[in-house]
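Breakdown of the fold
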2 protein chains.
Amino acid sequence: MNYNHLYSKTATGIKASAIRELLKIIARPEIISFAGGLPDPNLFPRQEISRILQEVMKNHSTEALQYGTTEGQKSLKEAVLALVQEYEGVTLQPENLLMVSASQQGLDMCSRIFLNRGDAIITASPTYLGGLQAFEAAGADVYGADSDEFGLTAEGLEKCLKDLQSVGKPCKFIYVVPDFQNPTGTTIPQERRIQILELAEKYDTLILEDSPYRQVRFEGTAPDTFLKLDNGKGRVITLFTFSKVFVPGFRLGYIAGPAEVIRHCVILKQAMDLCTSPFLQLAAAAYLKGGYLSEHIQNIVAMYRKKRDFMLEMLEKYMPKEVKWTRPEGGLFLWLTVPEKIDTQKMLKIAVEEQQVAYVAGVDFYPPRNARRNDLRLNFSYSSFEQIEEGIKRLASTIKKCMK
Amino acid sequence: MNYNHLYSKTATGIKASAIRELLKIIARPEIISFAGGLPDPNLFPRQEISRILQEVMKNHSTEALQYGTTEGQKSLKEAVLALVQEYEGVTLQPENLLMVSASQQGLDMCSRIFLNRGDAIITASPTYLGGLQAFEAAGADVYGADSDEFGLTAEGLEKCLKDLQSVGKPCKFIYVVPDFQNPTGTTIPQERRIQILELAEKYDTLILEDSPYRQVRFEGTAPDTFLKLDNGKGRVITLFTFSKVFVPGFRLGYIAGPAEVIRHCVILKQAMDLCTSPFLQLAAAAYLKGGYLSEHIQNIVAMYRKKRDFMLEMLEKYMPKEVKWTRPEGGLFLWLTVPEKIDTQKMLKIAVEEQQVAYVAGVDFYPPRNARRNDLRLNFSYSSFEQIEEGIKRLASTIKKCMK
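Predicted model only: the values in this text are computed from it and were never measured.

Further remarks concern the interface of chain A and chain B. Between chain A and chain B, the residue contacts involve 67 residues of the former and 68 residues of the latter. Of all the secondary structure elements, the ones that give two or more residues to the side of chain A that touches chain B are α1 (9–13), α3 (46–59), α4 (61–65), α6 (102–114), α7 (129–137), α11 (259–273) and α12 (278–289) of chain A. By residue number, the principal contributor to the side of chain A that touches chain B is α11 of chain A, which donates nine residues. Its residues assigned to classes, the side of chain A that touches chain B shows 36 nonpolar, 20 polar and 11 charged.

The following block contains the structure:
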């Protein structure tokens, strides 16, 4: 039968994630993939997880296997409040916190809480593709603001805010990935964060801070989160996730924000999925209370730093001089810019089919009206050192071929 | 700060679930609660779960702890296809199936795939509250059709379909909980299912079949699912969940439907949460492949049958003759109707505060324009036999007091 008369604007308006579709194509083992954002599976804390699973089944099975509260299991919320205090110096109350099925659910939830179809938001350009997808599902009109080597610029942001004001359209929120941004690897400096927060106040809008990589810092000092800089004024909602610092397979994250906004999120989450798995929440609580997290983060940081260094070294060694790239202080990604005549989306076909190396084309990370076509994203956390050398070599060949 | 200028219609339009809010109030141990829809935790298959968790960590830890595909883990999908074949006699392909974070996510997903704000759907009246909440979040205009002791009537349904047609509004889908409906416990007979399906064809709309309790049948023969009756014509989408026949704490369910609709659901799920926990999916796959499910269902059925019988016996024993109730052939709930002068929502305050017994007021299950105020829902799966006797006694006292 034909369903076209039945579909909603949401169904017809969103397009498949370029990355998730790509991941299916490049699953062939002979392909070296820098495309996904996957953690290195060799670092998964398997022994600790086996231990905490046994502990949950031994001591908390009734709570773990039953329905949970929508807000999140008490023991995990307590552990997370302590974690946010310790890592970020931010004191939150339980009503400022909602456990979610990882950051992507937080993005979807905040989109639905704030956006009617056609409402405007501002993001850096480029920005996280999964964010764009959630905003698109809600029918958002996404304005991409200029970024430089430190991410979103205050000037670019204010230009967008003014443009929107001049057409009488409120900016519902400003979406930022301030630390080791996906896709560029850039980090917004402290001073600029303060400026951005002041602009949010001046134009009476919110900041949606997405912070999945913040703990994966290789060097230098971390600026404060927007959440901390806000200092309880209620202008910032922050999404954290356990996907990068623990394991993605548990699909656990949390939203920190003003109690009133969190309350709206809780009511929406009742309709979305009732609650996030209490079993996995209690496992994560046991992991945090067991004190395993900080050591695990040290392991991740040490390994990803080496991999970043090695990828940078290989880029120096193999890339033609016309190619530029970022040097992220942390995270999982770096961003490569090739000469303007190359369209990296078209080049991807050659890379995969002729050279058996994959990346994500930059164009997928741009809000539609801002798209540039000569960037690409490379992930350095997942591949082995051998694969990094071989893959960069192949990518350099592909680029050289396309430059001709 | 004030957020009112920033909230969406979704945020301001949905109200908190009466049940989930009630569950927080009645958590006090002295209260006997027939309010929730919780499985009996004494029946959780703890040993089998401990075993499968070990197996997942031993044999599949890399797949389990990493990101999964949005469609669902291959091994679970295979096991579920076999299950649907065995239990329902329906042959599906992998592209007809999407793993979701339990039925509620399926309800939310289907609402978003089909409903623009103001679009019409038809449900039985009363119907599942979590369904109403998901439809409300999408801005649906919900038409409640008449039901009788066998659930949704074909006449009631056609009246709604005609009314909508006469105002030029398409019905996006018909929502049914055909087996042991939540809240009434009623089951739609085979002949009536065929009529309902024919009406869906006649008015060119879809059936959204929600089937969480179907395997919990105490007696009699199961009619076919709408999915089976549809026979691959593509007019039925069916939601199943592991919450009642396995454990709710794993938050696992699946949507079966036409490949094209499932594909739209997959793309939306990318934006919603990327994927459902592969760890829990692999655990469920191990559970199914271990052959534990059918024995567990037998245990549940045996215990809930006893509890239903006992609750019916206690109702006979203690209730005044003006009170009527349903006699469900399965599931977790029965439905009580008290004299019209009693408003069960107002009575709930007296029940909880004076008699320390809780239920869910019937009004919460009605689409707004159809609300009746003298019904209530009782759950019989969660409480012990002792609590059932004492609770029904207390409820009878409350009703008698309010009848005066």
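What follows continues from the structure just given.
As for its placement among the helices and strands, alanine 11 of chain A is situated in helix α1. Sequence separation between alanine 11 of chain A and alanine 137 of chain A is 126 residues; the distance between their C-alpha atoms is 7.9 Å. In contact with alanine 11 of chain A, not counting residues within four places along its chain, are Ile113 and His264 of chain B.

Before going further, it helps to spend a moment on the environment of glycine 232 of chain A. Residues and elements named next belong to chain A. Relative to the assigned elements, glycine 232 resides in the loop between α10 (226–230) and β9 (236–241). A tally of 13 C-beta atoms within 10 Å means that glycine 232 is categorised as partly exposed. Residues glycine 232 and glycine 257 lie 25 residues apart in sequence; the distance between their C-alpha atoms is 8.7 Å.

All names here are of chain A. Pairing is mixed in the open sheet, where seven strands are placed in the order β2-β10-β9-β8-β7-β3-β4. On the outer flanks of this sheet lie β2 (97–100) and β4 (141–145), each paired with one strand and no other. Each adjacent strand pair in this sheet contributes to an overall mean axis angle of 20°, direction not counted. Judged from the five bridges that link them, strand β3 (residues 120–124) and β4 form a sheet pairing that is parallel. Of the residues in β4, the one forming a bridge with alanine 124 is alanine 145.

All names here are of chain A. Looking at the assigned domains, one finds that chain A contains domain 1 (9–44 + 295–403) and domain 2 (61–289). Between domain 1 and domain 2, the residue contacts involve 34 residues of the former and 34 residues of the latter. For the side of domain 1 that touches domain 2, the elements supplying multiple residues, two or more each, are α1, α2 (18–25), α13 (293–318) and β12 (333–337). Of the residues in the side of domain 1 that touches domain 2, the class split is 17 nonpolar, 10 polar and seven charged.

Once that is clear, we can look at the sheet that holds strand β15 (residues 375–379) of chain A. Residue and element names in this part refer to chain A. Strand order in this open sheet of four strands is β11-β12-β15-β14, and the pairing throughout is antiparallel. Either end of the sheet is taken by a strand with one partner, and the two such strands are β11 (324–325) and β14 (360–361). In this structure, β14 lies alongside β15, joined through two bridges in antiparallel fashion. In the sheet register, valine 360 faces β15, and the bridge partner there is arginine 377.

Quick look at the relation of the copies chain A and chain B now. Two chain copies here: they are related by a rotation about an axis and a translation along the same axis. Screw-axis analysis of chain A against chain B gives a translation of 0.0 Å along the axis, an RMSD of 0.0 Å, and a rotation angle of 180°. Here the transformation between the copies is reduced to the relation of a two-fold axis. Closest approach to the rotation axis within chain A is made by the C-alpha atom of leucine 53 of chain A, at a distance of 3.7 Å. Counting the interface residues of chain A, we find that 100% of their copies in chain B are interface residues as well, pointing to one common contact surface.

With that settled, the discussion passes to the nonpolar core. If you look at the biggest cluster of nonpolar residues, it comprises 283 residues, and the most contacted ones within it are Ala283 and Ala284 of chain A together with Ala283 and Ala284 of chain B. Setting aside anything within four residues of it in sequence, one finds alanine 284 of chain B in contact with Leu76, Phe242, Phe246, Phe250 and Leu252 of chain B.

About the thresholds
Residues numbered from 1 in each chain as written. Chains lettered and ligands numbered in written order. Predicted model: local features only at pLDDT ≥ 70, side-chain atom pairs only at ≥ 80, totals over all residues. Contact = placed C-beta atoms within 7 Å. Helix = DSSP H or I, 4+ residues; strand = E, 2+ residues; numbered from the N terminus. Nonpolar A, V, L, I, M, F, W, Y, C, P; charged D, E, K, R; others polar. Buried ≥ 20, exposed ≤ 12 C-beta atoms within 10 Å, placed from the backbone. Pairing = 2+ DSSP bridges. Axes fitted to C-alpha atoms, helices over the stretch in contact; angles between N-to-C directions. Domains from an automatic or database assignment. Least-squares fit on C-alpha atoms with pLDDT ≥ 70 in both. Core = buried A, V, L, I, M, F, W, Y, C linked by C-beta atoms within 7 Å.

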